[in-house]
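# Structural description and commentary
The primary structure of each chain is shown beneath.
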Amino acid sequence: MTATHGTNTESVMPVQTVQDRAAQNGVTKERVEKISAAAYRIRHHALNMGEVQGQGYVGQALGAADMLATVYGDQLRFRAEDPHWNARDRFLLSTGHYAIGHYAALAEAGIVPVEELETYGSDDSRLPMSGMSTYTPGMEVSGGSLGHGLTIAVGMALGLRYQGSGSRVFNFLSDGELDEGSTWEAAMGAHHHQLGNLTAMVDINALQADGKTDTVLRTEPVTEKWESFGWYTQRVDGNNMAELLQAFDNAAAQAAAVGRPSVILCDTKVGRGVPLLEDREKAHFMRIEEHEWQTCREQLTAGYEGKAAR
Ligand SMILES: Cc1ncc(C[n+]2csc(CCOP(=O)(O)OP(=O)(O)O)c2C)c(N)n1
Ligand SMILES: [Mg+2]
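As the structure is a prediction and not an experimental result, all values here were calculated from the model.

### Here's the deal with the site of ligand 1
- Around ligand 1 lies a shell of 15 residues, among which L146, S174, G176, Q208 and A209 are the nearest.
- Residue composition of the shell around ligand 1, by class: three nonpolar, 11 polar and one charged.

In structure tokens, the structure reads:
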């Protein structure tokens, strides 16, 4: 496996504004390949962590790996050696149960040592199964109680603006969080306060704990809902790196202290990249047998290398 420390030195250096970057870079083949490689490593880390516990929210981590790689590898401004750096952009994981994917991204970003991932979910680990801000460097909020991330993000974005900060706030939501009234109150608040420094991304994997989203609570049409709440709204294939990069570039080009908040709605597939897991029943919290983990890793690598060779 490729070493992951320090892969992110470009995004660490606050030299250009986000608008400069969006205008200059374009979605080049090199960029797509670089961030796809990061997403592959995030998936690999997630499988390794899942094996420590024998089960977990592995399907979500695989599905959201491309989103997380895009944010950490391409968009977020941070200093790996100083997670509390005041001028950092904030990434708020409001879905605490996605922590396994977030830890993998933090390792890829060099904020958490890769070796530490094997402590995932163990006693005294800094990497508990649900994301906790007091435990983990780079974890801005404790997000297990769903539907609160966007409300916190709105407060943070407003506070940063009052301070004259150029930092942006990113909030990662799941489609289950669209069931929550608090999410929509926050969406209204963000529009009211014209929080152009706020970008939300929603992992629309069409799944929740109790079944498919359209059977639990039909939230579609979500694109029109966000638009009607006044947000700059884009909907993309959340497992297509070129589409993701373009959408995040578009959002970055809009980012300003005062303006429209941005949302990127990402349709993803649970278990993406590992065919053995892609169509599994009970995908919300997967039990994976001991002998299956190696198969999962092999399928992931075969798929990635097959794609890379094309
Ligand atoms: C406020 C709140 N209500 C209920 C739960 C229990 N819960 C944990 S995960 C989950 C599913 C939410 O949907 P989503 O995040 O889309 O699920 P996934 O895609 O991970 O299967 C629920 C209801 C919770 N954590 N917080
Ligand atoms: Mg879901």
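We are not done yet, so read on.
### Describing the packing of helix α3 (residues 29-53) against helix α5 (residues 99-108)
- Here α3 crosses α5 at 125°, and the two axes come no closer than 8 Å. Relative to α5, the element α3 lies oblique. Helix-helix and strand crossings are classified by hand; for α3 and α5 the assignment is right-handed. Between α3, through A38, R41, I42, H45, A46, M49 and G50, and α5, the contact on the second element is made entirely by I100, G101, Y103, A104, A105, A107 and E108.
- Partitioned by chemical class, the residues of the contact of α3 with α5 number nine nonpolar, three polar and two charged.

### A look at the packing of α3 against helix α4 (residues 58-75)
- In contact at an axis separation of 8 Å, α3 and α4 are set at 140° when each is read in the N-to-C sense. The orientation of α3 with respect to α4, classified from their angle, is oblique. When the axes of α3 and α4 are compared, the crossing they make is right-handed. Two secondary-structure elements touch here, α3 through K34, I35, A38, A39, I42, R43, A46, L47 and G50 and α4 through V58, A61, L62, A65, D66, L68, A69, T70, G73 and D74.
- Grouping the amino acids of the contact of α3 with α4 by side-chain chemistry returns 12 nonpolar, three polar and four charged.

### Describing helix α6 (residues 149-162)
- With 14 residues, α6 extends 20 Å from end C-alpha to end C-alpha; this agrees with the ideal 20 Å at 1.5 Å per step.
- Along α6, the residues that are buried comprise G149, L150, A153, V154, M156, A157, L160 and R161. End-on view of α6: buried residues confined to an arc of 170°, all on one side of the axis. Away from the buried face of α6 by more than 90 degrees, exposed residues G159 and Y162 are located.
- Buried residues belonging to α6 abut β2 (90-93), β3 (169-174), α7 (181-192) and β4 (198-204).
- Of the residues flanking the end of α6, it is G164, one or two places downstream, whose phi is positive at about 75°.

About the cut-offs
- Residues numbered from 1 in each chain as written.
- Chains lettered and ligands numbered in written order.
- Predicted model: local features only at pLDDT ≥ 70, side-chain atom pairs only at ≥ 80, totals over all residues.
- Near = placed C-beta within 6 Å.
- Nonpolar A, V, L, I, M, F, W, Y, C, P; charged D, E, K, R; others polar.
- Axes fitted to C-alpha atoms, helices over the stretch in contact; angles between N-to-C directions.
- Helix = DSSP H or I, 4+ residues; strand = E, 2+ residues; numbered from the N terminus.
- Parallel < 35°, antiparallel > 145°, perpendicular 65-115°, else oblique.
- Left-handed = near helix turned anticlockwise from the far one by under 90°.
- Contact = placed C-beta atoms within 7 Å.
- Expected span 1.5 Å × (residues − 1).
- Buried ≥ 20, exposed ≤ 12 C-beta atoms within 10 Å, placed from the backbone.
- Arc of directions from axis to C-beta.

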